[in-house]
Amino acid sequence: MHNENLTRSFPDNLTMDGGGHLTYLAPTRVNLSLSQECYPDITFRTTREH
């Protein structure tokens, strides 16, 4: 599963948001871009509104 790979790759940058969704906190825009390239099946959103 792709989320499991992401969890292993970036354990210090992942958390659960208030809605219970796995959330990747990219330290830089470059990290976000590289993660998007490496995990094309995962939808990355810039923000989540509650």
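Quick look at the structure, then. Just so we're clear, the structure is a prediction, and the values are computed from it rather than from any experiment.

With that settled, the discussion passes to the packing of aromatic side chains. Per the counting criterion, the structure on display carries 2 aromatic pairs. With 5.2 Å between their ring centres and 50° between their planes, F10 and Y24 make a pair best called tilted. Of this pair, F10 sits in the loop between helix 1 (2-9) and strand 1 (14-16) while Y24 is found in strand 2 (residues 22-24), placing the two residues 14 residues apart along the sequence. With 6.2 Å between their ring centres and 75° between their planes, Y24 and F44 make a pair best called edge-to-face. Taken together, the residues span a long stretch of sequence, with Y24 in strand 2 and F44 in the segment after helix 2 (29-38) at a distance of 20 residues.

Turning our eyes to something else, we now look at the nonpolar core. Side chains of nonpolar character tend, in soluble globular proteins, to be buried together. The biggest cluster of nonpolar side chains holds 7 residues, and these are L6, L14, Y24, L32, Y39, I42 and F44. Not counting the four nearest positions on each side in its chain, L6 is found in contact with L14, Y39 and I42.

Conventions used here
- Residues numbered from 1 in each chain as written.
- Predicted model: local features only at pLDDT ≥ 70, side-chain atom pairs only at ≥ 80, totals over all residues.
- Heavy atoms only, no water.
- Phe/Tyr/Trp six-rings, centres within 6.5 Å; stacked < 30°, edge-to-face > 60°.
- Helix = DSSP H or I, 4+ residues; strand = E, 2+ residues; numbered from the N terminus.
- Core = buried A, V, L, I, M, F, W, Y, C linked by side-chain atoms within 4.5 Å.
- Buried < 20%, exposed > 50% of the residue type's maximum accessible area, 1.4 Å probe, protein only.
- Contact = heavy atoms within 4.5 Å.

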